[in-house]
Amino acid sequence: GESVGLHLPTLSVQEGDNSIINCAYSNSASDYFIWYKQESGKGPQFIIDIRSNMDKRQGQRVTVLLNKTVKHLSLQIAATQPGDSAVYFCAERGGANNLFFGTGTRLTVIP
Amino acid sequence: DVKVTQSSRYLVKRTGEKVFLECVQDMDHENMFWYRQDPGLGLRLIYFSYDVKMKEKGDIPEGYSVSREKKERFSLILESASTNQTSMYLCATAARPMGYTFGSGTRLTVV
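Novice: Any chance you could explain the overall build of chain A here in plain terms?
Specialist: In terms of helices and strands, chain A carries zero helices and 11 strands. In sequence order, chain A lays out its α and β elements as β-β-β-β-β-β-β-β-β-β-β. For 111 residues, the compact-globule estimate of 2.2 N^0.38 gives 13 Å, and the C-alpha radius of gyration of chain A, at 13 Å, lies within 12% of that figure. Seen along its three principal axes, the alpha-carbon backbone of chain A occupies a region of about 40 × 25 × 20 Å. Here chain A holds 111 residues, and the buried ones make up 44% of them. Looking at chain A as shown, the accessible area adds up to about 5,400 Å², and 47% of this sits on carbon and sulfur atoms. When the 10 basic and 9 acidic side-chain charges of chain A are each reduced to a single mean position, those positions are 3 Å apart.

Structural data, given as structure tokens:
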């Protein structure tokens, strides 16, 4: 079966620093990946996605990197702000066309 | 923007009760999903539906059923609530199986 995991369950960064959140996946056939942000008491919100034919995609202050060789996905947040404090999930689309989610990394921004 | 509305934010039910969790979307999306979210376990798929009156089991369907009588509404039913069903329940919708939009969640406590 598919396994989507994260290297660290928690991450603390100083305000203004860059954050990097990592995710490993096991299904080499996955063709689409998404990062979600979940703030306390809210449902997950879409941040950025990337297809498997890309290595990098940039959004506003966020960049997703995909390394298919080692089946690794990362989310980079530039100039991290207190409002970035949340749990971040990666998700992959496997063969059944459903999304499979990782367990999440809690990002804490220290003022 | 797609809006996904879950009828209750917090719910407390007794063991053995029949529980209905409602989810309504305001777009014409075919795909709807129910997940539960537990600490350390991430999001686990309970049931999903690709169309009206269609339903498919997810990874953990035991103890649950669903109903999709109208395209905009997807209900999750706990036939006889048990304490191990205490969890955060998240509904999601997608026009295609990409980039889900989540509701705010229902935190269910079974006592």
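Novice: Whenever I open this one, the packing of aromatic side chains confuses me. Can you help?
Specialist: How two aromatic rings sit relative to each other is set out by the distance from centre to centre and by the angle between their planes. Taken as a whole and judged by the stated rule, the model has 15 aromatic pairs over all chains. Linked through ring pairs, Y36, F46 and F101 of chain A together with F33, Y35, F48, Y50, Y100 and F102 of chain B together constitute an aromatic cluster.

Novice: Looking at this model, I keep getting lost on the state of the cysteines. Mind explaining?
Specialist: A covalent bond between the sulfur atoms of two cysteines is referred to as a disulfide. In total, this model carries two disulfides over all chains according to the counting rule given. Each sulfur of the disulfide joining C23 of chain A and C90 of chain A lies 1.7 Å from the other. Here C23 of chain A and C90 of chain A share a disulfide; its torsion about the S-S bond, 45 degrees, makes the bridge right-handed. On the criterion of sequence distance, the pair formed by C23 of chain A in strand β3 (residues 19–25) and C90 of chain A in strand β9 (residues 86–93) is long-range, its members being 67 residues apart. What makes C90 of chain A buried here is its relative accessible area of 0%. The partner cysteine of C23 of chain B in its disulfide is C91 of chain B, sulfur to sulfur 1.9 Å. Across the S-S bond linking C23 of chain B and C91 of chain B, the dihedral sits near -75 degrees, which makes this disulfide left-handed.

Novice: Is there a simple way to explain unusual backbone geometry in this structure?
Specialist: Apart from glycine, the bulk of residues carry a negative phi angle, and the bulk of peptide bonds sit in the trans form. Residue and element names in this part refer to chain A. The phi angle at R61 is positive, at roughly 65 degrees, despite the residue not being glycine. Here R61 shows up in the loop between β6 (56–58) and β7 (62–67). Non-glycine residue A79 carries a positive phi angle of around 45 degrees. Tracing the sequence through the fold places A79 in the loop between β8 (72–77) and β9. Overall, the relative accessible area of 36% leaves A79 in the partly exposed class.

Cut-offs applied
Residues numbered from 1 in each chain as written. Chains lettered and ligands numbered in written order. Predicted model: local features only at pLDDT ≥ 70, side-chain atom pairs only at ≥ 80, totals over all residues. Heavy atoms only, no water. Helix = DSSP H or I, 4+ residues; strand = E, 2+ residues; numbered from the N terminus. Rg over C-alpha atoms; globule rule 2.2 N^0.38 Å. Buried < 20%, exposed > 50% of the residue type's maximum accessible area, 1.4 Å probe, protein only. Areas by Shrake-Rupley, 256 points an atom, 1.4 Å probe, with all protein chains shown as cover. Lys, Arg positive; Asp, Glu negative; His and termini not counted. Charge placed at Lys NZ, Arg CZ, Asp CG, Glu CD. Phe/Tyr/Trp six-rings, centres within 6.5 Å; stacked < 30°, edge-to-face > 60°. Disulfide = S-S within 2.5 Å.

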